Each structure stands twice: as C-alpha cells, then as structure tokens.
Amino acid sequence: MGLPGTHFTVILILSSLYIAVLRSRSLLLKIFASLLFVWAFVCPFVTPLLLPLRTQEDEIHFVSCPDGWRINLARYRPLGSFAGERKQSTTAPVILCHGAFANRVTYDLGAGYPSLAMYLAEKGHDVWVLELRGHGRSHTKPEWLYTTLSQGMNEGGSWSVMKYIEVDLPAAVQYVRNHTGAKKVHWVGHSMGGIILYSWLGLAMGNTQDFASIVTLGSALDHSMERQNDIDKGVEPGNMNSTYHVLYVPRSFRSPGMAPFGWACALLAPLGGTVLDIFLGFQYSPSSISRDIARRLLAHNFEAEPWQVVFEIHTVFSKKYGMLHPVTKEPLLPLLNHSLPVPLLAFAGGCDHQFTPDAVKRTAYHLAALDDQQHVKMIVPGEGTEVCYGHYDMLIGPRAEEHVFEPLERWLHEVDAGQHWYSQEDLQKCARSKKVRDN
C-alpha cells in the first residue's frame, strides 16, 4: 500500500485533528471522532489481511540501478518451461508496466481472478512484470527507511518522472534482453506505464529497435482541451473532458514527499464496488466490475507516489500543450516525430474518465502520421456490447479476457509472426466508420 513513512505522516495529521476534537464538549462528536480515528489507523493495515492476495509469478528478479535503487521484475515463464530457463523462445519477451500509484497487482489479482500476466504466459509468452522505483518490491537499501529519509534530497520531491524514463525503463529492458537473449521486447504499459514509454521515444533516450511493439492501455501524451493543428492533422479533438481537468491541489498543500493515495484506497477498500465507492466511475466502470474485484484492487494495488511525479504527469491535462518535459517545459508529443517506427496497439476504455478514447486517438494519430510505414491500431474494448470499460477494468473486469487479453495476445502473435501491420489508413477508416455509426 506504499511507503510506511507516508502512512505515519497521515496518522500524525489525523492525530492532531483528533486531539482538537477531544476538546469539544459534545460527547457524540467525541465518540464519532474516536471511531473514525481508529478506523483510519487500523483499516489500511487490516484490510489487506482480510483480503489476502498472492501474485503468481514463477521468479523474482531485482535489477540494480546506477543510483542505488533495486527494481523488481516478476517473471511468469511460458507454459511448459522450466525454472531458470534462459533460452530464447520463439516470441519476444513481454514487459508489463503499471501506472501511477500502482504495482504488479494491476496485472495479477491472484489465482481465480483476471491476470494478464498469467494469460500471456499460458499462451506461450515470456512475461516480466516491472515495478517502478518506490512501488511494490522496488526499493533502495535498506528499503523504506532510506526512502523515507531521502524524500527531500531532490528539489520538488523524492524523485521525478524522469527517473522512470531515464533509469528504470532502460534498466528493465536491458536486463530482460540480457537474461533471455532476446533482441527485442514487447512493452505493455497501463496509464503512466504507457506515458513513460511515449516520453522515452519522444526524448530519443535510446534505440527504438529494442522494441518489437508497444501496447498501451488508457495512455495519452496530450489531453488538452484545445485543438492542436500540428497534432490533430485536421481531426476534431472530440471528447477531451477528463476528470483530471477539474482536479486541482492548491500549492499550499503540495509537499516534497509522497501523495498518500495508497493509504486512502486501503482505507476505503471495504466499500469497493458499492454505491459508497468514491472510485466507482473514476478508476473503473460500474458496468464491468464486481465488488470482490474492486475490493481486492483497492486493498493491494495502489501505492504512494511522489507529488513531484503527480504534477509532472498532470501536465498531460494542461490547457494547451499536453505533457511537458519536467525540465525544459517543452511539449513531448510533437517530439515523437524524432522516433523510429514501432508498431503500436492502443486500448481506450469507452467509459474511461481519465484518458478518453479521443485523447488516446490523438496520440495514436500523431504516431500514425509520422510516415507511411508507421503501424498503428486502436481498440475500444467492449464497443457494441453492454460493457463500457473504465480505466482499470480493461485489466481486471470479469470479461477483460474476452475483450482485452485475447486481442492483445493476438497482436503480439502477429508481430512475432511478422504478419500484416496496421497503417494510418486502417486507423482513419476505423474512425470514419465510427463517425458514421454515431451520426
């Protein structure tokens, strides 16, 4: 659920408020405040124990980064392979990367629950689930204590999103390639996991030939409200209304530490999937989530995230330019013109209120417009059915295997087999047919 130091900071704040309430003359107010305080303190620790979850990886690997961090890679071996096998399979390894505030549970809710990692492994793929620094098992030595003490070492926060882009991503890719002997890897990124790969491409941080293909789920680099003539290429932006456009944290509340989102999710996990679930509609759609899955996700998947990363990623939703480079403040999406063609499959939830299909399409169109050889495909899972996917249920919904896992694995198979790619013309035909249906 995140770094312990973050939880203790929240408890310290709540304790201060609780002491103030105890001075009240109202007995009912004191009783209510006492129950609320106990719940806030105990629930985030107890809930994960009441909803036990064990991910199903076959191997656990740690990658040592130059700055002292140890990045976790959980390996799901192809069905029928043996422990420690290093022989290159007929398919490129698949790296799965979570989004902001998340960890490996995004791709594996445990036995009997949706798991993209297990699904791909059972189909013969060599799967590696990456946890970025500060998430899950990825920590410095001596783990959380050093991390907590070092939160003021970098200006503006404990680390920048550039650490994910410049250090964690290439370290994970290089490790997987070296360990398996593969020349290329597939990158599958959910939310921020796709954004950091887009940013890596735009900033030309390395050799794009390391990637066999890119798959993003609910990711975009430009969610600004205004039409960008140099990006949209004559295409109307459509619905660019994201919940994040109305979320704002005053500067007085911003700190150099961690945003305690994991604590809040674990606290509210018992309410997951009910009418009292404040994340219903924001993290997942009511049409494609069950109460049991929502509770497990809230109890185990979410983590603290540095405020610095939060506000750097939030520039995706800026009024005009989309995500900006943290240092130069230059828009990142136009920089993708410098990247080499890499096949892209982009998933967008029809009811995703964080990254709408039109925002995902803006990035996909831009990539497709680079040259005639760029291979791009976009899928709105569940389109034409009663299921309308939100941000997380594309990976954890009861029908995610049918609507997301199957087409994703089919795409990987086509890339590995060297079959037909998807061009800009294919994407435009799909968009035109959708416009006709809408009219």
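A brief structural summary. (Residues numbered from 1 in each chain as written. Predicted model: local features only at pLDDT ≥ 70, side-chain atom pairs only at ≥ 80, totals over all residues. Heavy atoms only, no water.)

1. Some thoughts on helix α9 (residues 291–300)
Right, on to step 1. In terms of residue burial, α9 counts as a mostly covered element, since seven of its ten residues are buried.
Right, on to step 2. Turning to α9, its buried residues number three or more, namely I293, A294, R296, L297, L298, A299 and H300.
Right, on to step 3. Check the buried side of α9 and you find it contacts α2 (27–50), α8 (261–268) and α12 (393–396). (Buried < 20%, exposed > 50% of the residue type's maximum accessible area, 1.4 Å probe, protein only. Helix = DSSP H or I, 4+ residues; strand = E, 2+ residues; numbered from the N terminus. Contact = heavy atoms within 4.5 Å.)

2. Let's talk about the pattern of salt bridges
Oppositely charged side chains can form a pair if their charged atoms are brought close together.
Right, on to step 1. Summed over the entire model, instances satisfying the criterion amount to 13 salt bridges.
Right, on to step 2. Ionic pairing is found between R137 and E57, a salt bridge with its closest N-O pair at 2.5 Å. Taken together, the residues span a long stretch of sequence, with R137 in the loop between β4 (127–131) and β5 (139–140) and E57 in the loop between α2 and β1 (59–64) at a distance of 80 residues.
Right, on to step 3. Between E386 and R399 there is a salt bridge; the shortest N-O distance is 2.6 Å. (Salt bridge = Lys/Arg side-chain N within 4 Å of Asp/Glu carboxyl O.)

3. Examining the environment of V127
Right, on to step 1. Summarising the element assignment, V127 is placed in strand β4.
Right, on to step 2. We classify V127 as buried; its relative accessible area is 0%.
Right, on to step 3. Sequence separation between V127 and L96 is 31 residues; the distance between their C-alpha atoms is 7.4 Å.
Right, on to step 4. Excluding its chain neighbours within four sequence positions, the residues that come into contact with V127 are A74, R75, Y76, V94, L96, A117, L120 and A121.

4. Considering the side chain of H190
Right, on to step 1. Secondary-structure assignment places H190 in strand β6 (residues 185–190).
Right, on to step 2. In contact with H190, other than residues within four places in its own chain, are C97, H98, G99, T106, Y107, L217, S219, H391, Y392 and L395.

5. A look at the packing of helix α5 (residues 161–180) against helix α6 (residues 192–202)
Right, on to step 1. Remark: α5 packs on α6, axes separated minimally by 10 Å, with the N-to-C direction vectors making an angle of 75°. On the basis of the axis angle, α5 is roughly perpendicular to α6. Contact residues: α5 offers V161, Y164, I165 and L169, while α6 offers M192, I196, L197, S199 and W200.
Right, on to step 2. Grouping the constituent residues of the contact of α5 with α6 by class yields eight nonpolar, one polar and no charged. (Axes fitted to C-alpha atoms, helices over the stretch in contact; angles between N-to-C directions. Parallel < 35°, antiparallel > 145°, perpendicular 65-115°, else oblique. Nonpolar A, V, L, I, M, F, W, Y, C, P; charged D, E, K, R; others polar.)

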